[in-house]
Amino acid sequence: MKEEAGAQGITWNLDDLVAPPAETRIDAALAEAERRIDGFAARYRGRVAGLSGREMRDLLLQYEGILEQVGAAESFASLSWSTQSDDPARGALLQKVMERQSRLSQKSVFLDIEWANVPDEPARALFDDPLLSRWRHWLVISRRYKPHLLSEPEEKILSEKSVTGRNAWSRFFDETLAGTLYEWEGGMVPQEVILRQLYLPDRATRRSAAASLTKGLRGLQRATTYVTNTLLADKSSDDRLRRYPGWISARNMDNQVDDATVDALVRAVTSRYDVVARYYRLKKRLLGLPELFDYDRYAPLPVKERRFTWSEARDTVLAAYGRFHPRMAEVASLFFDKRWIDAEVHPGKRGGAFSNPTVPSAHPYILMSFQGATQDVMTLAHELGHGVHQYLARERGVLQQNTPLTMAECASVFGETLVFQDLISREKDPAVVLSMLVREIEGSFATVFRQVAMHRFEDAVHTARRTEGELTAERISTIWLATQRAMFSDSVTLTDDYGIWWSYVPHFIHVPGYVYAYAFGDLLVRALYSRFLSGGSEFPPRYLDMLAAGGSDWPTALLKPLGVDLADPGFWAQGLRLLEGMVAQAEQLAGNTGS
Ligand SMILES: [Zn+2]
């Protein structure tokens, strides 16, 4: 099926970020940024508390300019490395830029600290100054950290040491995983190829792919357990020094949601694990298997799946986006026309997919590995959702272009939903509809239930590391199996081999506490989509306004014009009922009366 991949030669052009010769220009940009930041510090250090609205505006404009300059260099180095992570020169450039960036951010750390320490009354006067309305939300939210900030010299030391501490371990994890090959059909293949096998119809293939992944991960177990323990301990000491009450508190604060909202989400989802078991019992019957094992979770139903060339995938996504609103398709087209996507598959390219917003003066870039499956079309729809969001939000400037994680998966999942509904409505064969529905259910389960089960895992390992000390690989595996088995109940048998599969999940390493944001985003999107269906022509422009607002307001405020109330306890249950409805629909299509 190699000829169907179709994304050969689909590579991005990074010249928009840094024109060649990139390394020379990056060196020059960083040197200039350093001069600018020295001038910035000389002008404002020790004076933030007494600034007028006009002076504060000048400060913010200069600050944004410096962040833009450094951000472009950093984005270039990181993007260039991500397509060829086995090239030592690119790794070295990335490391160099990160080290310089850390040094530069130490020089501006006075701003956060001094701003946080401005007394409430003058600070409020600045929030309300019309000259500063553009930065209002940033000014408000950056003061929330006041109780958790350390002194300036302490912050400087933490920032500098994080380069060779937390960030170094994180990069070591990435490079170790990216550089590992797994046994397959007499040869050795990267992780992406092994994971693909889990979606194939042949059970023996899936079983041996799972065994190969397990074997590979066990071989890395010493390294991954060590990195995991180190980062758990690092997080624990960070939280202690910064006086956060729990391991998730800092993440919730970054996400701009309160602990109670997240708690309600997690409790709502765990209370509906029955929907997961109900679905997998249906799947067991559909596959005609007496028992489902972990390697059967992604088995396709026995129908021929449609495959896509790169240009079919592009046309499909653009058409669905365009039917929602022409502006969506217009922005998404830029990514194809101007080479903002890297989609070809080659050795050394990092796995997964992402859309990197880079800096407002440039534009986002998307990385993925397109292999022609329907799932790849959905990935493209997902990343373009991010891309459109990031592109529209550039107007908000470098300080407010990015949303908190809770909102960050909203546009991506909404984009996927548009494409999915489009594809399924055009499909005539009920067996294919059922198979697509099943894919969608499984995708949504992976986002909602699986991420919440992963969140339960993270909650348990962070707590265990804090109370029990260093954890063995076996202990972590026990926690992993317990939290995952709770979700499946008796519907899927998780083998002991599956115990080590916590060890390749990059989110646990890169952004502790990240994963619940996926569940948040997915359930939110279900609710938004049903409002779109019932809301007529008002919804799409309001939705685009919400995207263009970026991170310039609280999530609750951004969502209000769309009719969403996050404080409503029934809100999450509503999204979960939509998922249950999809399972019921699948049961019906399968000629079942339900269970
Ligand atoms: Zn995403």
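Residues numbered from 1 in each chain as written. Predicted model: local features only at pLDDT ≥ 70, side-chain atom pairs only at ≥ 80, totals over all residues. Heavy atoms only, no water.

(A) Structural detail: the layout of surface pockets. By volume, the second largest pocket is sized at about 250 Å³. Lining the second largest pocket we find 13 residues, and of these Gln-421, Arg-526, Tyr-529, Leu-578 and Met-582 sit closest to its centre. Residue assignment for the lining of the second largest pocket shows that the elements contributing at least two residues are helix H17 (410–426), helix H18 (430–468), helix H21 (516–535) and helix H24 (570–589). Taken together, the residues of the lining of the second largest pocket sort by class into seven nonpolar, four polar and two charged. (1 Å grid on protein atoms, 1.4 Å probe; cavity = no way out; pocket = protein on both sides within 12 Å on 5 of 7 lines; lining within 4 Å. Points joined across faces, edges and corners; volume = space filled by probe spheres on them. Helix = DSSP H or I, 4+ residues; strand = E, 2+ residues; numbered from the N terminus. Nonpolar A, V, L, I, M, F, W, Y, C, P; charged D, E, K, R; others polar.)

(B) Layout of the coordination of the zinc ion. Donor atoms from the polypeptide that coordinate the zinc ion comprise His-382 (NE2), His-386 (NE2), Glu-409 (OE) and Glu-409 (OE), at 2.1 to 2.7 Å from the metal. Note that the zinc ion binds four donor atoms; their angles at the metal cover 52 to 142 degrees, and the shape is irregular. Taken in chain order, the donor set of the zinc ion reads H-x3-H-x22-E. Here Glu-409 lies in the loop between helix H16 (405–408) and H17 and His-386 lies in helix H15 (residues 374–392), a separation of 23 residues in the sequence. Judged by its relative accessible area of 10%, His-386 is buried. (Donors = N, O, S within 2.8 Å, 3.2 Å for Na, K, Ca; no water. Tetrahedral: all angles 85-135°; square planar, octahedral: opposite > 155°, others 65-115°. Buried < 20%, exposed > 50% of the residue type's maximum accessible area, 1.4 Å probe, protein only.)

(C) Up close: the pairing of strand S1 (residues 181–184). Both S1 and strand S2 (residues 187–190) contribute to a ladder of four bridges, which runs antiparallel. Bridged to Trp-184 within S2 is Gly-187. Connecting S1 to the next strand, S2, in antiparallel fashion are two residues, including Glu-185 with a positive phi near 45 degrees. (Pairing = 2+ DSSP bridges.)

(D) Seen up close, the packing of helix H6 (residues 152–164) against helix H7 (residues 166–178). Here H6 crosses H7 at 20 degrees, and the two axes come no closer than 3 Å. Taken together, H6 and H7 sit at an angle that is classed as roughly parallel. You can see that H6 and H7 cross each other, and the crossing is right-handed. Between H6 and H7, the contacting residues are Ser-162, Val-163 and Thr-164 on the first element and Arg-166, Asn-167 and Ala-168 on the second. For the contact of H6 with H7, the class distribution of residues is two nonpolar, three polar and one charged. (Axes fitted to C-alpha atoms, helices over the stretch in contact; angles between N-to-C directions. Parallel < 35°, antiparallel > 145°, perpendicular 65-115°, else oblique. Left-handed = near helix turned anticlockwise from the far one by under 90°. Contact = heavy atoms within 4.5 Å.)

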